[in-house]
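# Results of the structural survey
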Amino acid sequence: MDWMGLLVIPVVKGAIILLLLLTATAYLTLFERKLLGRFQVRLGPNRAGPYGLLQPLADAVKLFFKEEVVPHHVDKPVYLLAPLLTLVPALALFAVVPLGPSVHLFGREIPLSMGDVNVAVLYILAIGSVGTYGVMLAGWASNNNYSLLGAMRTSAQMISYELPMGLFVVSLILLSGTMSVTQIVEQGRPWWAWLWLWLGFPFFFITVLAETNRSPFDFPETENELIAGYQIEYGGFKFAIFYVSEYLHMITTGGVVATLFFGGWKGPFVDRFPLLGVVYLALKILAILFLFIWVRASVPRVRYDQLMRFGWKVLLPLSLLYLGITALLVVFLL
Amino acid sequence: MPLEQVLDTPTAVSYTPDYEGERAVVETLRQRFPDAVLATEEFRGDQVVTVRADRLLDVARFLRDDPELRFNYLVDVTSYDRLHLGETPRFATVYQLHSMPYNRRLRLLVPVPNDTNPVVPSVVELWPGANWMEREIYDLMGIRFQGHPDLRRILLPHNWDGHPLRKDYPLGSEPVPFSVNWSEPEFQDLGRQVLKPELPLENVPRGMDPEKYIVVNMGPQHPSTHGVLRLIVELEGERIKQVVPDLGFLHSGFEKQAENIRYKDFVYYTDRMDYTQAMNNNLGYVLAVEKLLGIEVPPRARVIRVIMSELQRLAAHLLWLGTHSMDLAGSGLALLMYAFREREEILDIFEMVSGARLTTSYIQIGGVWKDVPPAFERRVRDFIAYMPARIDDYERMLTRNPIWRHRTIGVGKITAEQAIAMSVTGPVLRSTGVPYDLRRVRPYCGYEEYDFDVITATDGDAYARYMVRMGEMRQSLRIIEQALDRLPDGPYKAGPKVSPPPRELLDTSMEALIHHFKLFTEGIKPPRGQVYHSIENQKGEFGIFLMSDGSNKPYRTHVRGPSFVNLQILDLMSRDHLVADLITNIGSIDIVLGEVDR
């Protein structure tokens, strides 16, 4: 048996990706705070370490050493399960994102992704939705009115954005002719296909904002109305898990968006230095994260019934139209 | 709520004060109700009519509905205890009325018949805005209002013992325990002296059904209630059925304090009421004292006061803009810090003239505390030069932003008639199309000489309120510019009888030293009488009812805070809206709990 190929390499790869992701998540919080600070004519955190670089570490230490409180009135198993249900999908989503082309190491060809699944796009959609259950269960199990309202909003939000999002992805599949993410990245596209793809990107991005519960669609937690919505009864480490999964979700969705819309790891000189692909992907993800934060600093929050109306009355017809035109383009031009 | 009955109120506003008409109204009342009118009095231009309690409703209804009178706006209801005045009966309630179409003001004084169980008829059915004002009197003075729909304590805890504004209620305080051991007897009664512990708190307000709907408690610790406001909200899903505000978490008994300190010393308390507009509150109180004294301040002081008042209005509007946009957007929105950046500039100017940024206490009886420094004018001119562009920036972020428009247009809509009936003032009233602005209606500090517009909107929703406030910021800049142009030279405070002589004089002038000594040991002694004076602060009509018994302490000081009165309309605004809109409404009414609770 090929122990090396079946076990050792995936484990090592998984460990490295996990480590990278978690570090990136920690520093994403710093990135967001710094950037928000700049948008708001402030400096952002700059006390812990040079340029505040140790801030995530300090935050983590603070959260880990907090007392674990489980309130009396909660549904305990579900209450404890919920944070994990948001963390795991956020992590699992990254499994199908190719980090770069295959590299040759120790005489083996090692693909730079956890799994090259041939239904990867479907997997992304499916796993991405599972995270919502975590939020809903947390709201339900907390047995708190605010949490319940937050959970209610999440379910309302989910059905409004997931349909248009799915339809945009279907258009993408049509355009690419494959559901494998690796192939979507590696295959070339004619220039008009790229143009058409980017035309649809703003609308897709809106659904992504809703998927990640980011501003202006962050109403499941809305600190101004529901205080923190579903997170209200969670403290210490459990809160940290929610927090980490939220930011992790941002990174992984950023990775998915970069891969589907912007050619993933592709860039100049990648054929000569395959590891450069990882850098390109990271830069693309960073650009998308910057967009996330920029939006947060610039626009007010949508009311949840307005998102539903927007989702059903604007985004859904638009995505259908987009799908139809894509189909025509594929038939007549490809 | 008998709000529907009063909705035929006129919404026109006259800008010419009709003092002759006020005298005529008093005469009309004398002739029409010879048995009800007990006495009339004119003091410092205020017309006071004493009315028998059992005829109050007849007189009030006549005043409100007669087409020649139309006292459609109830400014204030207050009361006082005449125990030390030697008058009988002991209690009296005071109604301050204003007729918007004719611009007349009138004060009704109603002696309350029974000393042990004082009862007067409630005017809530005539002016629904009297609701909370009467509850406040019930709470603090113990006068009951017959026919009031919801007579409960409002500021004090429900199990408070006694009514603090009565003159025989000791000023009192809780002794400060000096022990470090919780089992010490010193601690046994801590916080329990004045409460009746046996009364249990009702969990859910009357009229709410926790079995059928979700009843959510918002606050007093809630990020969007702008302080320690507690709202009990009945929800059907996310739709609001009813909102019951619970006030008083910040109640500090300012009015009781005022009765026990000299006139000058209360200026510092007014800072702490609406802490976002110390200057305006100083001004309102100081003007009332000056009216009581019957003095004029020098022209330079008047202009400085206008500049300070408008800067403060601007600063408070900026604070409102930042926090309101944050309410609707979350803490990420950059506008909060932009607004704070400009507000800092204004606070720097305040620091320059008064040494303080927030609680300035700069405007003093007889003038201002100190003259403005030489660099002041250039600093303010710099500020008003770049500020319009900044306001344009804010508007670029919000005014045409589709999300902002969706969140505010049609939210918290009220009509002009509803607003007047509920005694709402300020931008909230002006957003319904009623151009009621005291700077025009009853000009003070020479506002009639300035060229500015009263900004109004027509829709009466949160977006209209936003537009009105943005417009008012620009108008404030206009006023400041005109004031700077005409800033005259000369003294900045009135003579030594009311304001202390400058420090330099104390070393050389015996007379100045004597005045200084008299002012700080004895204080000023206004003649016996009562006045009401109100100004337009950033939130609405800020009124002070001041009563002197001839001593150096006010016999009664009552504050009519715009936040307190305006907050009443929250329930009406928010019904059938979503929870998110409730936050919008609280923000767009613009309250400061320090003033609501006082």
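I will try to describe carefully the structure that is included in this document.

### Brief notes about the pairing of strand β1 (residues 37-43) of chain B
Bridging between β1 of chain B and strand β2 (residues 46-51) of chain B involves 6 bridges; their strand directions are antiparallel. When the bridges of β2 of chain B are listed, F43 of chain B appears paired with D46 of chain B.

### Brief notes about the sheet that holds strand β13 (residues 529-537) of chain B
All names here are of chain B. Taken together, 3 strands build an open sheet; the order of strands is β13-β14-β15 and the sheet is antiparallel. On the outer flanks of this sheet lie β13 and β15 (554-560), each paired with one strand and no other. Looking at each pair of strands side by side, their axes are set apart by 15° on average, direction ignored. Strand direction decides the pairing type here: strand β14 (residues 540-548) and β15, joined by 6 bridges, are antiparallel. Paired with M547 across the bridge in β15 is R556. Of the strands in this sheet, β13, β14 and β15 are in contact with helix α6 (residues 278-293), which crosses β13 at around 150°.

### Overview of unusual backbone geometry
Residue and element names in this part refer to chain B. Along the chain, T88 connects to P89 via a cis peptide bond; the corresponding omega equals -10°. Tracing the backbone shows P89 in the loop between β3 (73-81) and β4 (91-99). Despite not being glycine, R44 has its phi angle at roughly 50°, a positive value. Inspection of the secondary structure assignment puts R44 in the loop between β1 and β2. Here R70, not a glycine, exhibits a phi torsion of approximately 55°, which is positive. As for its position among the elements, R70 is in the loop between α2 (56-65) and β3.

### With respect to the pattern of salt bridges
Residues and elements named next belong to chain B. This structure, assessed with the given rule, holds 65 salt bridges over all chains. Across the pair E351 and R357 runs a salt bridge whose closest N-O atoms are separated by 2.7 Å. R575 serves as the salt-bridge partner of D571, at 2.8 Å between the closest nitrogen and oxygen. Owing to a relative accessible area of 18%, D571 belongs among the buried residues under this scheme.

### Observations concerning the environment of T270 of chain B
Residues and elements named next belong to chain B. Residue position: T270 is located in helix α5 (residues 267-273). You can call T270 buried: its relative accessible area is 0%. On a C-alpha basis, the gap between T270 and L578 in space is 36 Å, while along the polypeptide they are 308 residues apart. A distance of 2.9 Å separates polar atoms of two side chains, one belonging to T270 and the other to N282.

### Some thoughts on the sheet that holds β4 of chain B
Residues and elements named next belong to chain B. Reading across from one edge, β1-β2-β5-β4-β3 is the order of the 5 strands in this open sheet, with mixed pairing throughout. In the strand order of this sheet, the two ends are held by β1 and β3, each with one partner. The mean inter-strand angle of the sheet, taken between neighbouring strand axes irrespective of direction, is 20°. Here 3 bridges tie β2 to strand β5 (residues 104-112), and the two strands are oriented parallel to one another. Considered in β5, the bridge of V48 is made with R107. α2 rests against β2, β4 and β5 of the sheet, and its axis sits at about 175° to β5.

### A look at the interface of chain B and chain A
The partner chain A presents 26 residues to the 36 residues of chain B that form the contact. Contact between chain B and chain A buries roughly 2700 Å² in total, counting both sides, with carbon and sulfur atoms accounting for 57%. Between R153 of chain A and E238 of chain B there is a salt bridge, and its shortest N-O distance comes to 2.4 Å. Looking at the side of chain B that touches chain A, the elements with two or more residues in it are β8 (214-218), α7 (299-329), α8 (335-354), α9 (376-398), α10 (402-408) and α19 (579-589) of chain B.

Criteria and cut-off values
- Residues numbered from 1 in each chain as written.
- Chains lettered and ligands numbered in written order.
- Predicted model: local features only at pLDDT ≥ 70, side-chain atom pairs only at ≥ 80, totals over all residues.
- Heavy atoms only, no water.
- Pairing = 2+ DSSP bridges.
- Helix = DSSP H or I, 4+ residues; strand = E, 2+ residues; numbered from the N terminus.
- Axes fitted to C-alpha atoms, helices over the stretch in contact; angles between N-to-C directions.
- Contact = heavy atoms within 4.5 Å.
- Salt bridge = Lys/Arg side-chain N within 4 Å of Asp/Glu carboxyl O.
- Buried < 20%, exposed > 50% of the residue type's maximum accessible area, 1.4 Å probe, protein only.
- Polar contact = N/O pair within 3.5 Å; in protein donor to acceptor, adjacent residues only side chain to side chain.
- Buried area = accessible area lost by both parts, 1.4 Å probe.

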